[in-house]
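Observations on chain architecture
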Amino acid sequence: MSDLLSAFLHLLLLFKLVAPVTFHHHRYDDLVRTLYKVHNQCPYITRIYSIGRSVKGRHLYVLEFSDYPGIHEALEPEVKYVGNMHGDEVLGRELLLQLSEFLCEEFRNQNQRITRLIQETRIHILPSMNPDGYEAAANKGPKIPGHLVGRNNANEVDLNRNFPDLNTYFYYNEKHGGPNHHLPLPDNWESQVEPETEAVIRWMRSFNFVLSANLHGGAVVANYPYDKSPGHRFRNAHSTTNSPTPDDKLFRKLAKVYSYAHGWMHQGWNCGDYFPDGITNGASWYSLSKGMQDFNYLHTNCFEITLELSCNKFPRQEELQREWLGNREALIQFLEQVHHGIKGMVLDENHHNLTGAVISVSGINHDVTAGEQGDYFRLLLPGTYTVTATAPGFDPLTENVIVHPGKPTLVNFYLKRSITQVNPAKKAPGGGQGSRVKAQPRITKKKDGARKQPHRGPA
């Protein structure tokens, strides 16, 4: 009898470790209540903030998970999820609400994997980029697969065709020489985009995001950049031309991580389409101009992919639990990918941060920059690389680096001031008001929760 009781208690414990989620569609007011419910349940690891408002004045709320909410810790990467960019594609919105509840509950239950993820990562979740479009779609309710009312925002603009077109600049620079990263925005860009798009761009510029996924519906596939082909203006926009980024192998790997952790995406056959391994280059599927994932890659340090997660854009309520179970592990594994490649500090001889220093990898024509605290993050596949750090007024420094499959390799750069006079460093990402900076030096955490003394010398 005691064995049966023990088995029952064990099963009860396992059931308790699964976050209690509510499988129903959330209108705007329900969404806000859910975010605040999660925050109230986990007040010490969450923060709610708004990045702006929609055309109709609805807040674009973000839920942040971190062991120090509202603070950027040096060498701790920032990652984001964006849902419901198209108002009628609602599954991503629901999955991100479920993920928020799951992270909170599993942290409270001392799930070691989730606890480590939150302690080592700053996670930002925007469940709905287009709340106005969602409300229009929800008024119609779930229908058969296909386009619904509410895809666009309240001004009838497709937000995923509304970002400044930086691809054209990059393709030109690739041929004639010029920057390969942090391409500048056009003059008066604010007047050329919708309020929701402007809010997201300012959000991207306020945090030094490293990794991101944009959740959509209407297919089941992990889509990676570029979305726009070089010949987009001269050919049919729906032609299929592969348009790889300099980080094509890395993007393919990120897409496969999600696809193979997903319940059925990796099988390839979904919604009447076939995508080998459940992944596709965006332009190879169809060319798309002014999309968000290309903009992330060309204007910021962030590597973003687009996740198409359901054949039916507005699945019935009874389908939500199956979709959550099919995506839960993939959503967690994708977040964990931010802890790969290399990271480190770029400092001068007096250990002052070199904000805006450029990190270049030989053979990959795409650089990243150090953030406001001098820390940088460069996602890379396992292998051996030649990495160079440069900053105006300092001599460049090159290191040979081995990247292993596990944790990121720590590579700090200590640059010596050069004799020649050059222009001052540019403003780095992550310097906006949305991110307070934690004082240096960073205090690292032991596994048992104790504190180690700050390390003041080169690693």
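All figures in this text were calculated on a predicted structure; none of them were measured in a lab. (Residues numbered from 1 in each chain as written. Predicted model: local features only at pLDDT ≥ 70, side-chain atom pairs only at ≥ 80, totals over all residues. Heavy atoms only, no water.)

**Structural notes on the pairing of strand β17 (residues 397-403)**
The pairing of strand β16 (residues 383-390) with β17 spans seven bridges and is antiparallel. Across the sheet, Y385 pairs through a bridge with V401, a residue of β17. (Pairing = 2+ DSSP bridges. Helix = DSSP H or I, 4+ residues; strand = E, 2+ residues; numbered from the N terminus.)

**What to know about the UniProt feature "active site" (unreviewed entry) in the protein**
Under the local residue numbering, the UniProt record ascribes the feature "active site" (unreviewed entry) to E308. Ignoring anything within four residues of it in the chain, the contact list for E308 reads H216, G217, G218, A219, V220, V221, M265 and W285. Polar side-chain contacts of E308 include one of 3.4 Å to the backbone nitrogen of G217. (UniProt positions renumbered as here; feature names shortened; annotations may be inferred. Contact = heavy atoms within 4.5 Å. Polar contact = N/O pair within 3.5 Å; in protein donor to acceptor, adjacent residues only side chain to side chain.)

**Thoughts on the sheet that holds strand β7 (residues 219-224)**
Strand pairing in a sheet is mediated by backbone hydrogen bonds. Such pairs are either parallel or antiparallel. Spatial ordering of the open sheet is given by β1-β2-β5-β4-β6-β11-β7-β10, a layout of eight strands whose pairing is mixed. Of all the strands in the sheet, just β1 (46-53) and β10 (279-281) have a single pairing partner and so form its edges. Taken over all neighbouring pairs, the strand axes of this sheet differ in orientation by 20° on average, direction set aside. Where strand β4 (residues 78-83) meets strand β5 (residues 122-126), five bridges bridge the pair, whose relative direction is parallel. Paired with Y81 across the two strands is I125, which belongs to β5. Those strands touched by helix α2 (residues 28-41) are β1 and β2 (59-65), and its axis lies near 25° from that of β2. Here helix α10 (residues 292-299) sits on the sheet in contact with β4, β6 (209-216), β7 and β11 (303-310), set at roughly 165° to β11. (Axes fitted to C-alpha atoms, helices over the stretch in contact; angles between N-to-C directions.)

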